[in-house]
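Residues per chain, in single letters:
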Amino acid sequence: MHRQKVILRTLGLAGAVALAAVGCGPQHSGAGPAAPAAPGVPSSASPSGPGGQDDKPGASSPTPTQSSSPSAAPSQAPPTSRAPGVKPVMANGDESEQVRELQARLRQLKLMSAAPTGFYGSKTTAAVKTFQDRHGLGASGAVDEATWRRVQELSRKPTQEELQPPTTNEVAAPDPRCMQGRVLCISKESRTLAWMIDGKVVSSMDVRFGSENTPTREGQFQVEWKAREWTSTIYHTPMPYSMFFSQGQAVHYSADFAARGYAGASHGCVNVRDKAKLSALFDQVKVGDKVVVYW
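It should be emphasised that the depicted structure is a prediction, and the values quoted were computed from it without experimental measurement. (Residues numbered from 1 in each chain as written. Predicted model: local features only at pLDDT ≥ 70, side-chain atom pairs only at ≥ 80, totals over all residues. Heavy atoms only, no water.)

**Looking at the state of the cysteines**
Then comes step 1: Under the definition given, this model contains one disulfide.
Then comes step 2: Here cysteine 178 is linked by a disulfide to cysteine 185, with a sulfur-sulfur distance of 2.1 Å. Here cysteine 178 and cysteine 185 share a disulfide; its torsion about the S-S bond, 85 degrees, makes the bridge right-handed.
Then comes step 3: The exposure class of cysteine 185 is buried, given its relative accessible area of 2%. (Disulfide = S-S within 2.5 Å. Buried < 20%, exposed > 50% of the residue type's maximum accessible area, 1.4 Å probe, protein only.)

Here is the structure:
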């Protein structure tokens, strides 16, 4: 990384591009070849498209710029215990459209505030436990047949907008690494980017990430260089307001994200769909500012 920075200073932007192809175009079903992973940098798979996450433990692996003792996700919880002989319909660790529907119904019942993600993690487990406790169903945190029937009886079938809301996601609790200095604090759990200065959120926006085959790397990085106008050298798609932080991965505006939302994914970059917000953020962020991507 130090050597790369020296070369960046010496050769400038054009020289840096010669080191590696850069860019993260939008991914569609049956898309072309995946963006090559950076050599020597382990990356953790993250579900694509409408997936997003509730709280997915154990997803992060240290990278050269990441602490050897990464902080645990603030709301992380152990897997739900299951009663012998009782097979849950849904439980901690599951990921499906049925889980998304469960989460949307729990939002209707004011038991969840986060947008549906399709992943059954600690937030969903806590909401289910509260529901079960209120209705005398045995607070296991796993959804059995009786719990699922009761949830359906007390809620209505979610609309498409409720399943995949277009509104701004609720910002997650900041990772401890985000609490000092100037930081792009990016949560995979809530699918948000919070621009923070000395522990205070200045602005926030919705984001989406790479697919399972081209995941967005997790860890602590820094803004290596910026480009107000940029076109991917791999996928030949526009990447306005690019802020590169990890060997070709960048925070940038995505017209595809703005149009299709979480029905798509990037090739590893952090996509933003609010162009006006990102334009203002681009002017504030400096090369060298910290970037933290976490669950």
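Moving on from the coordinates now.
**Notes on the environment of phenylalanine 245**
Then comes step 1: Inspection of the secondary structure assignment puts phenylalanine 245 in strand β6 (residues 242–246).
Then comes step 2: The exposure class assigned to phenylalanine 245 is buried, which follows from its relative accessible area of 1%.
Then comes step 3: Taking C-alpha positions, phenylalanine 245 is 8.8 Å from lysine 290, a pair spaced 45 residues apart along the chain.
Then comes step 4: Excluding residues within four positions of it along the chain, phenylalanine 245 makes contact with Thr216, Phe221, Gln222, Glu224, Ala250, Val251, Val270, Val291 and Val293. (Helix = DSSP H or I, 4+ residues; strand = E, 2+ residues; numbered from the N terminus. Contact = heavy atoms within 4.5 Å.)

**Side note on the packing of aromatic side chains**
Then comes step 1: Applying the stated criterion across every chain yields a total of six aromatic pairs.
Then comes step 2: Centroid distance tryptophan 225 to phenylalanine 244: 4.1 Å. Interplanar angle 15 degrees. Geometry classified as stacked. Here the residue tryptophan 225 occupies a position in strand β5 (residues 225–227), and phenylalanine 244 occupies one in strand β6, the gap between them amounting to 19 residues.
Then comes step 3: A residue is classified by how much of its surface remains accessible, and tryptophan 225, at 11% relative accessible area, is buried.
Then comes step 4: Judged by its relative accessible area of 1%, phenylalanine 244 is buried.
Then comes step 5: Between tyrosine 241 and phenylalanine 282, the ring centres sit 5.7 Å apart and the planes meet at 65 degrees, which makes this aromatic pair edge-to-face. Taken together, the residues tyrosine 241 in the loop between β5 and β6 and phenylalanine 282 in helix α7 (residues 275–284) connect sequence positions 41 residues apart.
Then comes step 6: A relative accessible area of 6% means that phenylalanine 282 is categorised as buried.
Then comes step 7: Taken together through their ring pairs, the aromatic side chains of Trp225, Trp230 and Phe244 make up a single cluster. (Phe/Tyr/Trp six-rings, centres within 6.5 Å; stacked < 30°, edge-to-face > 60°.)

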